[in-house]
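# An overview of the molecular structure
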Amino acid sequence: MIVQLVEDLGEVLVDNLAERFDASRETIRRDLNELDGAGRIRKFHGGARKASSRGDGGLVEGPFDTRMETLAGEKAAIGRCAADLFDEGAVIFIDTGSTTIAFARALARRRALTVITNSPEIARLLSRPEGQHRVYLVGGEIAAEGRETLGALAIEQLGRFKARHAVLTIGGMTTGEIMDFDLRETELARAMVARAEEVTVLADHSKLGRAAVFEVAALTDIDRLVTDRLPTAEMQAALRAAGVDLIVAPDG
């Protein structure tokens, strides 16, 4: 019935659905998470829209499983390149995303790192005994489709840590800022930026020059960008002006 309403109306709100079906907002949110994960709708903060909607200028993000398969080779190359940037003993925040999961796979081969993450998958990859890593998984509400913990509890726990590095995946990068599609993911990324000394962004070429919905940080707050392809001349100029080191991962 929710899917049919979204098809008929184009967009629905959690509060309206809760009233219509005499259900709690928490129940509606769980239903929307499940439907979004199945690709039948697109969830946004406070509601949902048609999966095929383009009325927002394309400012939506696909299901997590789809993103894991998209440009997988490029993301793996970015992950391997980025992993070489961190020395033994580094303390790193890592947020949740398909590219940071690729990064964690490569990082697992290094030794004696301290990692703080909101991704159960990243925590699993890095908690193998042979790596001798110290891994902290922050708690909070589980966002099933994103495979991550989010919300006030996660941010509160992040506030107990300081890290030399934050490694972030993003929804988009313009010539002025890095951006994301989900408000709660944005809030958590902002908390990591605030508690880190250096920020490294991992983004395949499809994210560069692409706007999202929420600003995570200004380009001047970023120290390094690791990508798979040279961006446009305009983006390269913006990165230079902001003092961002541009690193292009080797193919394969």
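Residues numbered from 1 in each chain as written. Predicted model: local features only at pLDDT ≥ 70, side-chain atom pairs only at ≥ 80, totals over all residues. Heavy atoms only, no water.

## Side note on the overall build of the chain
In terms of helices and strands, the chain carries ten helices and 15 strands. In summary, the chain has a C-alpha radius of gyration of 18 Å against a globular reference of 18 Å for 252 residues, a match within 12%. Expressed along its principal axes, the backbone C-alpha trace of the chain runs to roughly 55 × 45 × 30 Å. Taken across its 252 residues, the chain has 50% of its residues classed as buried. In the chain, the proportion of contacts linking residues at least 24 apart, taken out of those at least 6 apart, comes to 60%. When the accessible surface of the chain is split by element, carbon and sulfur atoms take 46% of a total near 11,900 Å². (Helix = DSSP H or I, 4+ residues; strand = E, 2+ residues; numbered from the N terminus. Rg over C-alpha atoms; globule rule 2.2 N^0.38 Å. Buried < 20%, exposed > 50% of the residue type's maximum accessible area, 1.4 Å probe, protein only. Contact = heavy atoms within 4.5 Å. Areas by Shrake-Rupley, 256 points an atom, 1.4 Å probe, with all protein chains shown as cover.)

## Digging into the nonpolar core
Ranked by size, the top nonpolar core spans 33 residues in total, and within it Met173, Ile178 and Val201 carry the most contacts. Broken down by element, this core gets its largest block of residues, five residues, from helix H9 (residues 183-195). If sequence neighbours within four positions are ignored, Val201 has contacts with Leu168, Ile170, Met173, Ile178, Ile222, Arg224, Leu225 and Val226. Counting 25 residues, the second largest nonpolar core, distinct from the first, contains Cys81, Phe103, Ala106 and Leu113. (Core = buried A, V, L, I, M, F, W, Y, C linked by side-chain atoms within 4.5 Å.)

## What to know about the pattern of salt bridges
Tallying each qualifying case throughout the model produces nine salt bridges. Across the salt bridge formed by Arg29 and Glu26, the nearest N and O atoms sit 3.9 Å from each other. Highlighted residues: Arg29 and Glu26, both in helix H3 (residues 25-37), separated by three residues, approximately one helical turn. When its relative accessible area of 44% is taken as the criterion, Glu26 is described as partly exposed. Connected via shared salt-bridge partners are Arg164, Glu197 and Glu198. (Salt bridge = Lys/Arg side-chain N within 4 Å of Asp/Glu carboxyl O.)

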